[in-house]
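Overview (structure and organization)
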Amino acid sequence: MESVHWNSLVTPNFPLNQSLRRKNRAVIDRRDAPSPRSRTFSAVRTSNFSVAATATDVSRRNAAIGGQNSTDAAIMTTAMSGVERGRRVGKSSTALEQLDIERGVCVPFRKYSPETVRSKVLESRGSVVSLASRGVEIVWTLGLYWSTLMYDFLVGRDEEVVPFRARQLRNLLCNLGPSFIKAGQVLANRPDIIREDYMNELCILQDDVPPFPNEVAFNIIEEELGQPLEALFSKISSQTIAAASLGQVYRATLRATGEDVAIKVQRPQIEPIIYRDLFLFRTLASFLNGFSLQKLGCNAELIVDEFGEKLLEELDYTLEARNIEDFLENFKDDPTVKIPRVYKNLSGPRVLVMEWIDGIRCTDPQAIKDAGIDLNGFLTVGVSAALRQLLEFGLFHGDPHPGNIFAMHDGRIAYVDFGNVAVLSQQNKQILIDAVVHAVNEDYGEMANDFTRLGFLAKGTDVSPIVPALEAIWQNSAGKGLSDFNFRSVTGQFNKLVYDFPIRIPERFSLVIRSLLTQEGICFTLKPDFKFLEVAYPYVAKRLLTDPNPALRERLIQVLFKDGVFQWKRLENLISLAKENVGQMSSNPALRVKQVESKLDLTDTIKDGARLFLLDEGIRRKLILALTEDSKLHVEELVDVYRLVEEEVDIPSLAREVVRDLPNVFRDFVLSWSNSVLSDR
């Protein structure tokens, strides 16, 4: 790579706007202290609304497992109250309010709103002329393309020319500018809006975007940082390392320290273009609401609002810098994941300077092997890191394509490019876990209801026709067994379901789907016979067994009891899979630099189980029935479970913990008994 060198030396000092950082980190309503791992995320973006349940039976169950649990009604009520507070901060559209409610969050300071976009566009001189000319260009270009599709349909050649028309659409979007390139990238993950063969063609937009001239990029860096390039960097690449729809990346060396860095530069004059196009998008969407409601169960304005909100977040590199810091905080104790640090004093809204990642592209299995990296170990690390982002932190990388993931020489996985991240609220994570539990219990009716609660279906939609389709998809996929299960086949079947029912895929879940599919594809590239679920399922089992979160304890109970009957085999399978995950992770080369616990720690789980047995009459009765089912004592099953955990549990330590906790158990028992007496009266 050719580089440009300078010799002068100046110490840079250009800090980020700290007031903006504090403003964006504000939280309106946080009633539960977040876990240490996710406190940065919780404080940064949203309120994960959580309220103590007040019903007597829920209180008794929560006391038994040592915590509080939030009912869906309480979560939704609090979320709606958060939206009301949002109205006092500034007027919001109905579509945005709907998004906040279905996400279970309230965004206190929103970069996007239809009113903000309108005022930004109309305040500039000559705005009407600019809007009119751009509107004519868009309508003419898209109208001409639409007419060719209609002609193909009328002459009966619509299927045979699909590859050509898909390429034509990709080129058309590229010619219309960054807003449409970004829209094409979004459509590449929206089977509810566009057919699969077009989606595959639009995926090329993820990597193949023309760069803008170096001279323009270097001028933007100097304007943003307030100093000449040669004062800050001793050398900088003369060619872009990567180019995307909103910006491009160079490699440089800091003059002050000699460190190699990546410089991300925003495309010139892109902000007014984005605002203008968003205004036109939403204006057009207002004419398509009826069609969208019929086909997707939501109005078209909501889809544009989702897109606009995400696009404006990506446009501000100070937010991307904050994303990097959040990922650093989440993975600070994980020796298997590398997140580049950000140089805040050299970053601003249009320029972002990050640590350079010197890794191996994760699509080159031979290079990874030549570096002495254990391939299976690296894949385990990658899948576990992805699942932690999704299920533990609720903050995950939304664009993990091969250019954004690297294998470090010590076996770690490294992520770059944090402009496109997605957030799942505590409410959404709990509903996802519910969906997994319902799938395990083969409760497809509740699975369909989960789709409504997550925003895939409009409220009030009759889910009864969807239940048989969901059952067919799941049984067909799960029936193949763990070895043949893959997300792409399930997604392909789900895409067909989208066309038959008014299903809308919310933006955040389209990113989840893309993230899982992309990372599964990377795994297959590195190891064609890799089984994603053989790594993913043990991780989920371990988290379900060991996570002290009261909501997960509740889901564990739902998994272990089916139709009121305790499932001994499920418990044994969960323990075996969880032990497998511990073994996979502890033997990984990336963990050699840090001593990692090689046993499955079930101490807290056993304590909570004993507490639950003593305090919850319903659970106690079910367990006693499980032990005495069919008029015989089921000691064999109990012995099998003990043999699985005997090496994982330190009996003396557990006994000390139980003795120490006896006063609390006695207090909770008295409270539970008094509540039951009072409720009977």
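From a predicted model like this one, the values you see are computed outputs, not experimental measurements.

With that settled, the discussion passes to the overall build of the protein chain. Counting its regular elements, the protein chain contains 30 helices and 14 strands. Out of the 681 residues belonging to the protein chain, those deemed buried represent 52%. Sequence-distant contacts in the protein chain: of pairs separated by 6 or more residues, those separated by 24 or more amount to 70%. Counting every atom, the protein chain has about 31700 Å² of accessible surface; 56% of that belongs to carbon and sulfur.

What follows concerns the confidence of the model for the protein chain. Low pLDDT means the predicted coordinates in that region are not meant to be read closely. Predicted confidence across the protein chain gives a mean pLDDT of 76, with 76% of residues reaching 70 or more. Here residues 1-92 is modelled with pLDDT under 50, and outside its nearest four sequence neighbours on either side it reaches 201 contacts, counting other chains as well.

This part covers the pairing of strand β4 (residues 247-254). The element β4 is largely enclosed, with a buried count of seven among its eight residues. Pairing geometry for strand β2 (residues 233-237) and β4, over three bridges, is antiparallel. Each bridged residue has a counterpart across the sheet, and for Phe233 the counterpart in β4 is Leu254. Pairing between strand β3 (residues 242-243) and β4: two bridges, direction antiparallel. Residue pairing in the sheet places Ala242 in a bridge with Val249 of β4. Here β3 folds back onto β4 in antiparallel fashion, the turn holding three residues. Judged from the seven bridges that link them, β4 and strand β5 (residues 260-266) form a sheet pairing that is antiparallel. Within β5, the position partnered with Tyr250 by the bridge is Ile263. In sequence, β4 turns back onto β5 through a hairpin of five residues, with Gly258 there showing a positive phi of about 80°.

Let us look at the pattern of salt bridges. A full pass over the atoms with the stated rule returns 27 salt bridges. Across the salt bridge formed by Arg195 and Asp197, the nearest N and O atoms sit 2.8 Å from each other. Classification of Arg195 by relative accessible area gives partly exposed; the value is 32%. Since its relative accessible area comes to 29%, Asp197 is described here as partly exposed. Taken together, the shared-partner salt bridges in this structure form one network comprising Arg134, Glu137, Arg276 and Asp277.

Moving on: helix α24 (residues 532-546). Across its 15 residues, α24 extends 22 Å between first and last C-alpha, which sits within 8% of the 21 Å expected from 1.5 Å per residue. Inspection of α24 places Phe532, Leu533, Val535, Ala536, Pro538, Tyr539, Ala541, Arg543, Leu544 and Leu545 among the buried residues, and these make up the whole buried set.

So, on to the packing of helix α13 (residues 270-286) against helix α15 (residues 300-315). Where α13 contacts α15, the two axes come as close as 9 Å, and the packing angle between them is 170°. Between α13 and α15, the interaxial angle falls into the category roughly antiparallel. Between α13 and α15, the residues in contact are Ile270, Glu271, Ile274, Tyr275, Leu278, Phe281, Arg282, Ala285 and Ser286 and Ala300, Glu301, Val304, Asp305, Phe307, Gly308, Leu311, Leu312 and Leu315, respectively. The class makeup of the residues in the contact of α13 with α15 is twelve nonpolar, two polar and four charged.

Attention now moves to the packing of aromatic side chains. Tallied over the entire structure, the rule returns seven aromatic pairs. Joined through ring pairs, the aromatic side chains of Phe180, Phe281 and Phe307 make up one cluster.

Okay, the sheet that holds strand β11 (residues 413-415) next. Strand order in the open sheet made by the four strands is β6-β11-β10-β8, with mixed pairing throughout. Two strands close off the open sheet at either side, each with one partner strand: β6 (337-338) and β8 (360-361). Relative to β11, β6 is paired through two bridges, and the arrangement is parallel. In the sheet register, Lys338 faces β11, and the bridge partner there is Ala414. Where helix α18 (residues 375-393) meets the sheet, it contacts β6, β10 (405-407) and β11, and its direction lies at approximately 45° from that of β11.

Reading the values: rules and limits
- Residues numbered from 1 in each chain as written.
- Predicted model: local features only at pLDDT ≥ 70, side-chain atom pairs only at ≥ 80, totals over all residues.
- Heavy atoms only, no water.
- Helix = DSSP H or I, 4+ residues; strand = E, 2+ residues; numbered from the N terminus.
- Buried < 20%, exposed > 50% of the residue type's maximum accessible area, 1.4 Å probe, protein only.
- Contact = heavy atoms within 4.5 Å.
- Areas by Shrake-Rupley, 256 points an atom, 1.4 Å probe, with all protein chains shown as cover.
- pLDDT = per-residue confidence, 0-100.
- Pairing = 2+ DSSP bridges.
- Salt bridge = Lys/Arg side-chain N within 4 Å of Asp/Glu carboxyl O.
- Expected span 1.5 Å × (residues − 1).
- Axes fitted to C-alpha atoms, helices over the stretch in contact; angles between N-to-C directions.
- Parallel < 35°, antiparallel > 145°, perpendicular 65-115°, else oblique.
- Nonpolar A, V, L, I, M, F, W, Y, C, P; charged D, E, K, R; others polar.
- Phe/Tyr/Trp six-rings, centres within 6.5 Å; stacked < 30°, edge-to-face > 60°.

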